[in-house]
Amino acid sequence: MSETFVLPVGPQHPALKEPTSFRFKVDGEYIVDADLRLGYNHRGMEKGCEARTYVQDIYLLERVCGICSNAHMTCFAQGVERLMGIEPPPRGVFIRCLMGELERIHSHLLWLGVAGHEIGFDTFFMYTWRDREVVMDLLEMVSGNRVNYGMQTFGGVRRDLDGMQIKTLLEGIAALKARTPYYLNLGATEPTMVARIAGVGKLPREKAIELTAAGPTTRASGVDFDVRKDDPYAGFGDLIPFTIVTDNGCDVLARVVVRAKEMMASYDIMEFILRNLPAGEVRTKAPRKVPEGETVSRVEAQRGELIHYIRANGTDKPDRVKVRAPTLANWPSTLYMLRGAYLADIPIIMAAIDPCLSCTDRMAVISDVRGGEKVWDWETLRQYGIEFHRRRGIRP
Amino acid sequence: MSLRLGAMLPEVFRHLFKRPATVLYPFEKNTVPARLRGRPVMDPDKCIGCRMCERDCPAEAIEVTQESETRTDDGKVKRRFSMVVYVDRCAHCGQCEEICPAKPDKAIKLNEFFEEAAFDRGALKIVYK
Amino acid sequence: MDLLKVALYLLVYPGLLFLFVYSTFVEWVDRKLYARFQHRRGPLYTGRAGLLQPIADFVKLMAKEDIVPSSADKPLFNAVPVLALAAVLTSGLLLPVWHFTTGIVSATSFPGDIIVMAYLLSLPTFAYFLAGWASASMYASIGAVRVLTLLFSYEVPMFLAILSPAVMAGSWRMAEIARFYQLHPGYLPVNIIAFAVAILALQAKLERLPFDIPEAETELVGGTFTEYSGRKLALFRLLTDVQMVTGAGFLATLFLAGFPGGLVPGFLWFIAKTLFIVLILSAIRAVTARIRIDQMVNFSWSYLAPAALLQLVAVIIVKGYLP
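Conventions used here
Per-chain numbering applies: the sequence of each chain, read as written, is numbered from 1 onward. Naming scheme: in the order in which they are written, chains are lettered from A and ligands are numbered from 1. Whole-chain, interface and lining totals are the exception, using all residues; otherwise, since this is a predicted model, local features are given only for residues with pLDDT of at least 70 and side-chain atom pairs are given and counted only at 80 or more. With hydrogens and water set aside, each side-chain value is computed from the structure's full complement of heavy atoms. Strands here mean DSSP runs of E at least two residues long; helices mean DSSP runs of H or I at least four residues long; both are numbered from the N terminus. Radius of gyration: C-alpha atoms only; globule rule: 2.2 Å multiplied by the number of residues to the exponent 0.38. Residue burial is assigned from relative accessible area. The probe radius is 1.4 Å, only protein chains are included, and a residue is buried under 20% of its type maximum, exposed over 50%, and partly exposed in between. Any two residues having at least one pair of non-hydrogen atoms within 4.5 Å are treated as being in contact. In this description, buried area is defined as the sum, over both parts, of the accessible area (probe of 1.4 Å) that is lost when the two are combined. Any carboxyl oxygen of Asp or Glu that lies within 4 Å of a side-chain nitrogen of Lys or Arg is treated as forming a salt bridge with it. N or O atoms closer than or at 3.5 Å make up a polar contact, with two conditions inside protein: a donor-capable atom paired with an acceptor-capable one, and, for residues adjacent in sequence, both atoms drawn from side chains. Note on definitions: angles span 0 to 180 degrees between N-to-C directions of axes, and those axes are lines fitted to C-alpha atoms, for helices only across the stretch in contact. Relative orientations are named as follows: roughly parallel for angles under 35 degrees, roughly antiparallel for angles over 145 degrees, roughly perpendicular for angles from 65 to 115 degrees, and oblique for any other angle. Left-handed describes a crossing in which the near helix is turned anticlockwise from the far one by less than a right angle; the clockwise case is right-handed. Amino acid classes used here: Ala, Val, Leu, Ile, Met, Phe, Trp, Tyr, Cys and Pro are nonpolar; Asp, Glu, Lys and Arg are charged; the rest, including Gly, are polar. The pairing criterion is simple: DSSP has to find at least two bridges between the two strands. The span one expects for a helix is its residue count, reduced by one, times 1.5 Å. Neither His nor the chain termini are counted; the positive set is Lys and Arg, and the negative set is Asp and Glu. We call a set of buried Ala, Val, Leu, Ile, Met, Phe, Trp, Tyr and Cys residues a nonpolar core when their side-chain atoms join them within 4.5 Å. Each residue carries a pLDDT score, the predictor's confidence in it, ranging from 0 to 100.

## Examining the overall build of chain A
For step 1, the next point in the chain: A tally of regular secondary structure across chain A gives 15 helices and eight strands.
For step 2, the next point in the chain: By the compact-globule yardstick of 21 Å for 396 residues, chain A fits well, its C-alpha radius of gyration being 22 Å.
For step 3, the next point in the chain: The C-alpha extent of chain A, read off along each of the three principal axes, is 70 × 60 × 40 Å.
For step 4, the next point in the chain: In chain A, which comprises 396 residues, the proportion classed as buried is 60%.
For step 5, the next point in the chain: Contacts in chain A between residues far apart in sequence, at least 24 positions, make up 69% of those at least 6 positions apart.

## Here's the deal with the interface of chain A and chain B
For step 1, the next point in the chain: Contacts between chain A and chain B engage 36 residues on the former and 28 residues on the latter.
For step 2, the next point in the chain: Here chain A meets chain B over a buried area of about 2,700 Å², counting both sides, of which 47% is carbon and sulfur.
For step 3, the next point in the chain: On inspection of chain A and its partner chain B, the count reaches four salt bridges.
For step 4, the next point in the chain: We note a salt bridge from D56 of chain B to R288 of chain A, for which the minimum N-O separation is 2.5 Å.
For step 5, the next point in the chain: At the boundary of chain A with chain B, the tally comes to 20 residue pairs in polar contact (both at pLDDT 80 or more).
For step 6, the next point in the chain: Put simply, the parts of the chain that give the side of chain A that touches chain B at least two residues each are α2 (54–62), α5 (122–143), α6 (163–189) and α7 (191–197) of chain A.

## What about the packing of helix α2 (residues 16–37) of chain C against helix α11 (residues 263–286) of chain C?
Residue and element names in this part refer to chain C.
For step 1, the next point in the chain: Where α2 meets α11, the closest approach of the two axes is 9 Å, and the angle between their N-to-C directions is 40 degrees. Classified by the angle between their axes, α2 and α11 sit oblique to one another. Note on packing geometry: the crossing formed by α2 with α11 is right-handed. Here α2 contributes F18, Y22, F25, V26, V29, D30, L33, Y34 and F37 to the contact with α11, which in turn contributes F267, F270, I271, T274, L275, V278, L279, S282, A283, R285 and A286.
For step 2, the next point in the chain: Looking at side-chain class alone, the contact of α2 with α11 contains 16 nonpolar, two polar and two charged residues.

## A look at the side chain of Q165 of chain A
For step 1, the next point in the chain: Topologically, Q165 of chain A is positioned in helix α6.
For step 2, the next point in the chain: Among the residues examined, Q165 of chain A registers a relative accessible area of 7% and is labelled buried.
For step 3, the next point in the chain: A distance of 3.4 Å separates polar atoms of two side chains, one belonging to Q165 of chain A and the other to R35 of chain B.

## Focus: the sheet that holds strand β5 (residues 125–128) of chain B
Residue and element names in this part refer to chain B.
For step 1, the next point in the chain: Taken together, three strands build an open sheet; the order of strands is β2-β3-β5 and the sheet is antiparallel. At either margin of the open sheet sits one strand with a lone partner, and together these are β2 (62–71) and β5. Geometrically, the sheet is characterised by an average inter-axis angle of 15 degrees between neighbouring strands, direction not taken into account.
For step 2, the next point in the chain: Pairing geometry for strand β3 (residues 77–86) and β5, over four bridges, is antiparallel. Bridge pairing in β5 links M83 to Y128.

## Brief notes about the interface of chain A and chain C
For step 1, the next point in the chain: Facing 30 residues of chain A, the contacting portion of chain C comprises 26 residues.
For step 2, the next point in the chain: Summed over both partners, the interface of chain A with chain C comes to about 2,400 Å²; 58% of that surface belongs to carbon and sulfur atoms.
For step 3, the next point in the chain: Counting the contacts that link chain A with chain C gives two salt bridges.
For step 4, the next point in the chain: Close ionic contact of R146 of chain C with E29 of chain A constitutes a salt bridge, the shortest N to O distance being 2.7 Å.
For step 5, the next point in the chain: Our enumeration of links across chain A and chain C arrives at twelve residue pairs in polar contact (both at pLDDT 80 or more).
For step 6, the next point in the chain: Of all the elements in the fold, those that place two or more residues in the side of chain A that touches chain C are β1 (5–9), α4 (90–118), α5 and α7 of chain A.
For step 7, the next point in the chain: Residue classes in the side of chain A that touches chain C are distributed as 18 nonpolar, five polar and seven charged.

## Considerations on α6 of chain A
For step 1, the next point in the chain: Between its first and last C-alpha atoms α6 of chain A spans 40 Å; for 27 residues at 1.5 Å apiece the expected length is 39 Å, and the two agree.
For step 2, the next point in the chain: N-capping of α6 of chain A is provided by D162 of chain A, with a side-chain oxygen placed 3.3 Å from the backbone N of M164 of chain A.

## Description of the packing of helix α3 (residues 53–63) of chain C against helix α10 (residues 230–255) of chain C
Residues and elements named next belong to chain C.
For step 1, the next point in the chain: Axis separation between α3 and α10 bottoms out at 6 Å; the angle between their running directions is 150 degrees. Classified by the angle their axes make, α3 and α10 are roughly antiparallel. Mapping the contact onto sequence places D57, F58, L61 and M62 in α3 and G230, R231, L233, A234, R237 and L238 in α10.
For step 2, the next point in the chain: Along the lines of polarity and charge, the residues of the contact of α3 with α10 split into six nonpolar, one polar and three charged.

## A word on unusual backbone geometry
All names here are of chain B.
For step 1, the next point in the chain: The peptide bond linking Y25 to P26 adopts the cis configuration, its omega dihedral lying at 5 degrees.
For step 2, the next point in the chain: On the secondary structure map, P26 appears in the loop between α1 (9–16) and β1 (40–42).
For step 3, the next point in the chain: Note the cis peptide between K103 and P104, where omega equals 0 degrees.
For step 4, the next point in the chain: Counting through the fold element by element, P104 comes out in the loop between α3 (95–99) and β4 (108–110).

## As for the pattern of salt bridges
For step 1, the next point in the chain: Considering all chains together, one arrives at 56 salt bridges over all chains under this definition.
For step 2, the next point in the chain: Ionic pairing is found between D226 of chain A and R228 of chain A, a salt bridge with its closest N-O pair at 3.1 Å.
For step 3, the next point in the chain: For E116 of chain B, the salt bridge identified is with R39 of chain B, shortest N-O distance 2.6 Å. Separated by 77 residues along the polypeptide, E116 of chain B in the loop between β4 and β5 and R39 of chain B in the loop between α1 and β1 bring together distant segments of the chain.
For step 4, the next point in the chain: Here the residues in one salt-bridge network are E101, R104, R219, D226, R228, E262 and E300 of chain A, joined through shared partners.

## Points about the side chain of R41 of chain C
For step 1, the next point in the chain: Secondary-structure assignment places R41 of chain C in the loop between α2 and α3.
For step 2, the next point in the chain: Of the side chains with opposite charge, E28 of chain B comes closest to the buried, unpaired R41 of chain C, at an N-O distance of 4.1 Å.
For step 3, the next point in the chain: A polar side-chain atom of R41 of chain C sits 3.0 Å from the main-chain carbonyl oxygen of T22 of chain B.
For step 4, the next point in the chain: Those residues in contact with R41 of chain C that sit more than four places away from it in its chain are R19, P20, T22, L24 and E28 of chain B together with K32, A35 and R36 of chain C.

## Brief notes about the nonpolar core
For step 1, the next point in the chain: Formed by 225 residues in total, the largest nonpolar core has its most connected members in F22 and F24 of chain A together with I277 of chain C.
For step 2, the next point in the chain: Of all the elements, α10 of chain C adds the most residues to this core, at 15 residues.
For step 3, the next point in the chain: In this structure, F22 of chain A is in contact with L7, P8, V9, L16, D35, L36, W331, L335, L338 and M350 of chain A, ignoring residues within four places of it in sequence.
For step 4, the next point in the chain: V64, M83, A102 and L124 of chain B belong to the second largest nonpolar core, which has 22 residues in total.

## Observations concerning α4 of chain A
For step 1, the next point in the chain: In this model α4 of chain A runs 42 Å from its N-terminal to its C-terminal C-alpha over 29 residues, within 8% of the 42 Å that 1.5 Å per residue would give.
For step 2, the next point in the chain: After α4 of chain A finishes, the residue G120 of chain A shows a positive phi value of roughly 80 degrees.

## Thoughts on the environment of A15 of chain A
For step 1, the next point in the chain: Assignment of secondary structure puts A15 of chain A in the loop between β1 and β2 (21–27).
For step 2, the next point in the chain: Counting along the chain gives 333 residues from A15 of chain A to I348 of chain A, while the straight-line C-alpha distance between them is 8.6 Å.
For step 3, the next point in the chain: Beyond its immediate chain neighbours, meaning those up to four positions away, A15 of chain A contacts E118 and P347 of chain A together with T218 of chain C.

## Notes on the confidence of the model for chain C
For step 1, the next point in the chain: Mean pLDDT over chain C works out to 84, with 96% of the residues at or above the 70 mark.
For step 2, the next point in the chain: Of all helices and strands in chain C, the one with the weakest mean pLDDT is helix α9 (residues 217–220) of chain C (74), whereas α3 of chain C scores best (90).

## Overview of the pairing of strand β7 (residues 304–312) of chain A
All names here are of chain A.
For step 1, the next point in the chain: For β7, a buried count of seven out of nine residues is recorded, marking the element as mostly surrounded by other parts of the structure.
For step 2, the next point in the chain: As judged from the nine bridges shared by strand β6 (residues 293–301) and β7, these two strands associate in the antiparallel manner. Following the sheet pairing, S297 is matched in β7 by H308.
For step 3, the next point in the chain: Following β6, the chain reverses through two residues before pairing antiparallel with β7.
For step 4, the next point in the chain: Strand direction decides the pairing type here: β7 and strand β8 (residues 318–324), joined by six bridges, are antiparallel. Counted as the bridge partner of A312 is P318 from β8.
For step 5, the next point in the chain: Between β7 and the antiparallel strand that follows it, β8, lie five residues; G314 among them carries a positive phi value of about 90 degrees.

Set out below in structure tokens:
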């Protein structure tokens, strides 16, 4: 008796924190096939960038994602800096790097909690999120906000650190450094947790490369790819020492281990930065107009390689901005991992890539073959959105 | 590593006797850090009317308008500006404060107020004259 | 006088009123403990320290819109919550609390009531299955199948586990079993393995972590209860709470020597012993992740059932060789 039926997961489902739609063909508790539909959370941000100045864009792009806001900001800022031909001063570079690592800690702790929640381990979730408050408080102290720090700008960072803050940061980091190994041990020794994550969501090394997985997902499959090593930015490579973390487990447990060890590596990076902070300015003056040119900027966000493509046309507004978020790179491997898995493993396998749908979502305009290509400008897109919701009775 | 049954038991029983970590907001409030980016507040006496904040605001939440133009006795033109801040749109990025060129003190500053929820959108349109 | 006693027994203690009030209190204890284990505060605002929160939740759910899916099997869908609640409330009446004497056989205490009790506690599980099946929803159907699979894995260890104290006491009547252990408390530790097995099986019966597989929120939305709302969901919630009380009372009778001493001391013993079991159940819930259904079947047949059998053998040996 082998009867398959289709189980929809999404666009609204408790396992999903943001809307997307999976269709699973299931045979009892086994998944035979998985299919994915994107586009429920498209906000037209790339198009929006073209209608705004660079200074406005940096804050708009920060809001592409709530968790990796700093990564998006850094990525855009360093791309535009390259086009402008300016370099941030050393102190600015160090603080930029510090923000990236602080954000990585907060994101990885958040992910650990979400992973715990997806397998029903709510106590684990509560503890990791409680400890995440430590790093959230540090971020708030440095930048003035818990999310959307707004620290990066063209030519450096917007706020300097003072002595008191460095001391508080070091204390906070030391506290987290003492706490993180506990979660790593728990993930590897608590029997029910191990039962749910060890050997689940296997992604062999060759498949990870073939399906272009990114970030901790690929590093947990033994691929030592990290933008911080392969295309150094923000002081990595020459100024700031850094060790890459990989694991050969290829399963969800390996992804937990990689993320926990990455946190340990980040604590070392941050301690180095705070102890060796160079003196001087944190930013250089940046022009308002950007000379013609195009560039690709890469950052190792918490979830993997983040790419921004920027094309400038000599005005104060970009000609084209394109965001390739790491989650998009991880979807093919997620579908691969889901095929043949148990129904109960859907949430944890999906969560294991740390998906961020608002970063990722795409919109496709299917143009009429006879009407030629249809180009949407910002205003049309906005009007379309307002109309779309008005038709459904939602007041804009 | 070997498996340990109930690996978390000692930890949870220890927390049974600890004070909970939850803060009872809004009855208890954490202290706000000095650098918090709260609501933008404008001082019309200091504004020079350059409109840099209006131009740079990513959320288009600021409107600057000229209120009056008076000529002082020594022949200098003195203009006075008013500002409307739509706090419901404000993204609290602080770019307005950063870009403000007024010397010696900036004409627009972000204060420490963060509880922006309101029942009426109109209450979040704040006029500085 | 006897009639009054029976009426009190049915309606007040340990009947309807007591079961309702006490089960909401037990839910509060469970939620509060779970929260404190997690370094949180738990229910706080309704009543002193949130004591009335479960009742407030119940009232709130009762007042909410009650939706019956158009494709559902309506009579079954509507009847299931009431029938299941009736089953667990009846199981509460079988608990040997205050007006039991081992001498008199009555409708609520007779040789073999241990089996009736075990079956009454199993009825809600079938109700969950029927509820999921009648909902005619994808998630509810998968939940229903999981309910049955789960039942097959924990029911046999549960029965084997409750068998060993009965064999030890040489009786099929809960009042007599409790009496036996009250007279010979030295025999209580013999059943320790069976107690552990029964606790785990009760946890599975109540569908709590790590065995909340049928209603796994992140996988199946609400499992068998996906389509339930309003009054019927409130009844299901109450049912789970009452089941926790009677299940804990059942285990306390068999493994912790019951509730001796008449009305007041018996009542206090009842509270103390059930709360002790609830504490264990909460702690288990706090320190585990949800396991998969295949792992559950594997776990109960390779560990729980053999452990229960081992216990039975141990009990027979002890009973054969000791006075």
